[in-house]
Amino acid sequence: MTKTYPKASRPSLDNVSVSIEKGEFVFFIGPSGSGKSTIIKMLLHEVTPNKGKVIVNSKDVTSLRSWKRPHFRRSIGCVFQDFRLLPNRTAYENVAFALEVIGKTKAVARRVVPEVLELVGLGGKEHRYPHELSGGEQQRVAVARAFVNRPLILLADEPTGNLDPDTSIEIMRLLDRINRTGTTVVMVTHDSNIVNQMRRRVIEIESGRIVRDQARGVYG
Amino acid sequence: MRVKYVLSEVLVGLWRNVTMTIAMIITMAVSLTMLGVSGLVYNKVADMKNLYFENVEVSIFLEPEVAEEQRTALDGQLRSDPLIREVIYVDKTEAYERFKDMYQDAPDLVSAVKPEQLPESFRLRLVDPEQYRQINEQYQSVEGVDQIVDQSRVLDKIFNLFTAGQNVALVAAIAMAIAALLLVANTIQVAAYSKRREVAVMKLVGASNWFIQAPFVLEAVVAGLVGSILGLGALVGLKVFLFDGALSTLQGLFSPVSWGEIFLTFPIMAGVGALVSAVTAWVTLRFYLRV
């Protein structure tokens, strides 16, 4: 996909062209304000490029009508630095909520949610509230919520930003496991440790331009 | 399951912000009552116009020294006039009878007046009562005619008063509607803010727009409907206490307001209330949630 995204004084992304294959695991790295988050937002159809195209799952989403956006989003899972869980719902309810609001029945939720909570390693903690869980566990709930609908792509925006190194590595193992099921994982991070350990494709962005695109790369 | 979810969200939403909900419902109710009143007045004025103009008369009074042939000539002219439906000639004796009837409470006045002093007159019923001006122009200058008195001119003044009242009610309805609109917009914003986490998650996981908006829009619609029910109550109260109560002595003057008419205004009030609330909520959400 090619995209130029002029905004404010200089473009946030300047003639960036990246192609990510299905099933890949990609890190976007770069200093704050380099344009990493803009890429995530474009993949989510939250912003549209002024020039160029965003193609997801061989469909051009640049011109996607806004009323079609919800359906498009269902093929993308999302994890953030701040977890974004609902504080008044348990782990189970948080994941089930994501299913129910896209029209899945309670019966489907009862079957699928325990499965995915088991997968992320939260078996037995389904009925804890977010404040009763550690940061790492909360992020697992968020990953479970992002993955429960079996998306084609999992976007992770600094998912380890709030976690200590050991917990971060556990989350990365989890993302790796999800990647092995065939899900494309796109992750934005500042965490050099993790990038160096994983040895996956690394795309470095600076001032809106790609300065490095390396298979099995390191943080540098 | 989704219907149940939406409905429980609506109730929780209304309850969470109960003071605003009440304010919203009250302004909505007042506005819709005003709308109902102005609709009823509009109906009544039309009814009463029919009723009154049916019986309205144009009287042509003749000069005291009118000549016999002048009167006959005028009589013939009137009877052949296509604008006039009916002509009744009232001579001095009959005028005196009518005078006695009208002033039976004032015997002094009656005894002071003699039949010869009263003018003869023609009483006319017009095909279309609104055309009295033409009658006036046509016969004012005819010899022997003293004065043309038209009741509908007086009625016009009364009806202008009613129309003014109706306009006041309409303006009040619109002013209150604007207040109600702003309150709906505000309430919906507060509701959306208090549910911003849920909304953010819903948008993230791809919940459809209508599913995100439905609880908020329905909240406003419920408030609008409750407001219209209160408005109906207010109209019923107005009929019972004002029309049938305090104003019952004037019953002959107004045509009565029936229960049927009052209940017929309800669907209009409910429809307007629900529609206005729904559209306001929807527009507010489009700006506020950008969904």
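Conventions adopted
- Residues numbered from 1 in each chain as written.
- Chains lettered and ligands numbered in written order.
- Predicted model: local features only at pLDDT ≥ 70, side-chain atom pairs only at ≥ 80, totals over all residues.
- Contact = placed C-beta atoms within 7 Å.
- Helix = DSSP H or I, 4+ residues; strand = E, 2+ residues; numbered from the N terminus.
- Nonpolar A, V, L, I, M, F, W, Y, C, P; charged D, E, K, R; others polar.
- UniProt positions renumbered as here; feature names shortened; annotations may be inferred.
- Domains from an automatic or database assignment.
- Axes fitted to C-alpha atoms, helices over the stretch in contact; angles between N-to-C directions.
- Parallel < 35°, antiparallel > 145°, perpendicular 65-115°, else oblique.
- Left-handed = near helix turned anticlockwise from the far one by under 90°.
- Expected span 1.5 Å × (residues − 1).
- Bend = angle between axes of the 7 residues up to and from the residue.
- Core = buried A, V, L, I, M, F, W, Y, C linked by C-beta atoms within 7 Å.
- Buried ≥ 20, exposed ≤ 12 C-beta atoms within 10 Å, placed from the backbone.
- Pairing = 2+ DSSP bridges.

Undergrad: Got a sec to walk through the interface of chain A and chain B? Specific residues and values, please.
TA: The interface is formed by 16 residues belonging to chain A together with 15 residues belonging to chain B. Elements represented by at least two residues in the side of chain A that touches chain B include exactly α2 (69-73) and α3 (91-100) of chain A. Along the lines of polarity and charge, the residues of the side of chain A that touches chain B split into eight nonpolar, three polar and five charged.

Undergrad: Go over the UniProt feature "transmembrane region" (unreviewed entry) in chain B, please, and point to the residues and values.
TA: Residue and element names in this part refer to chain B. Residues given the UniProt feature "transmembrane region" (unreviewed entry) here are residues 21-42, 168-193, 214-242 and 262-285. In this annotation, residues 21-42 is assigned 100% helix and 0% strand; the end-to-end C-alpha distance for the span is 31 Å. Across residues 262-285, the secondary structure splits into 100% helix and 0% strand, with the terminal C-alpha atoms separated by 35 Å.

Undergrad: Explain the domain arrangement of chain B residue by residue, including any values.
TA: When the domains of chain B are assigned, the result is domain 1 (2-52 + 156-288) and domain 2 (64-143). Relative to domain 2 of chain B, the C-alpha centre of domain 1 of chain B lies at a distance of 52 Å.

Undergrad: Explain the UniProt feature "domain: FtsX extracellular" (unreviewed entry) in chain B to me, using residue names and the numbers behind them.
TA: The UniProt record annotates "domain: FtsX extracellular" (unreviewed entry) at residues 56-148 of chain B. With 41% helix and 24% strand, residues 56-148 of chain B has end C-alpha atoms that lie 14 Å from one another.

Undergrad: Could you give me a rundown of the packing of helix α7 (residues 151-194) of chain B against helix α10 (residues 259-288) of chain B, with the residues and numbers involved?
TA: Residues and elements named next belong to chain B. The contact between α7 and α10 brings their axes to 9 Å, and the two run at 45°. Relative to α10, the element α7 lies oblique. Handedness of the crossing formed by α7 with α10: right-handed. In contact with Ala177, Leu181, Val184, Ala185, Ile188, Gln189 and Ala192 of α7, α10 contributes Val276, Ser277, Thr280, Ala281, Thr284, Leu285 and Tyr288. Tallied by class, residues from the contact of α7 with α10 come to 10 nonpolar, four polar and no charged.

Undergrad: Give a description of helix α9 (residues 209-246) of chain B that names residues and reports values.
TA: If you check α9 of chain B, its first and last C-alpha atoms are 53 Å apart, about what 38 residues at 1.5 Å a residue would give, namely 56 Å. Of all the bends found along α9 of chain B, the most pronounced is centred on Pro215 of chain B and spans about 35°.

Undergrad: Tell me about the domain arrangement of chain A, and please be specific about residues and values.
TA: Much of the literature gives interface size as the accessible area that the parts lose upon coming together. Residues and elements named next belong to chain A. When the domains of chain A are assigned, the result is domain 1 (1-75 + 152-220) and domain 2 (86-150). On a C-alpha basis, the centroid separation for the pair domain 1 and domain 2 is 24 Å. Counting from both sides, the interface comprises 10 residues of domain 1 and, opposite them, 10 residues of domain 2. Considered class by class, the residues forming the side of domain 1 that touches domain 2 number six nonpolar, two polar and two charged.

Undergrad: Can you lay out the nonpolar core for me, pointing to particular residues and giving the numbers?
TA: By size, the foremost hydrophobic cluster in this structure holds 105 residues, and its most contacted members are Val95, Leu117, Ala144, Leu154 and Leu155 of chain A. If one sorts the elements of this core by residue count, α7 of chain B sits on top with 11 residues. Beyond its immediate chain neighbours, meaning those up to four positions away, Ala144 of chain A contacts Val95, Val116, Leu117, Val120 and Leu122 of chain A. Listed in part, the nine residues of the second largest apolar core include Ile60, Leu124, Leu126 and Ile148 of chain B.

Undergrad: Which residues make up the pairing of strand β3 (residues 121-126) of chain B, and what values go with them?
TA: All names here are of chain B. In this structure, strand β1 (residues 58-62) lies alongside β3, joined through four bridges in antiparallel fashion. Residue pairing across strands places Phe61 opposite Ser121, the latter belonging to β3. Of the strand pairs in this sheet, strand β2 (residues 84-90) and β3 are connected by six bridges, and their pairing is antiparallel. Residue pairing in the sheet places Ile84 in a bridge with Leu126 of β3.

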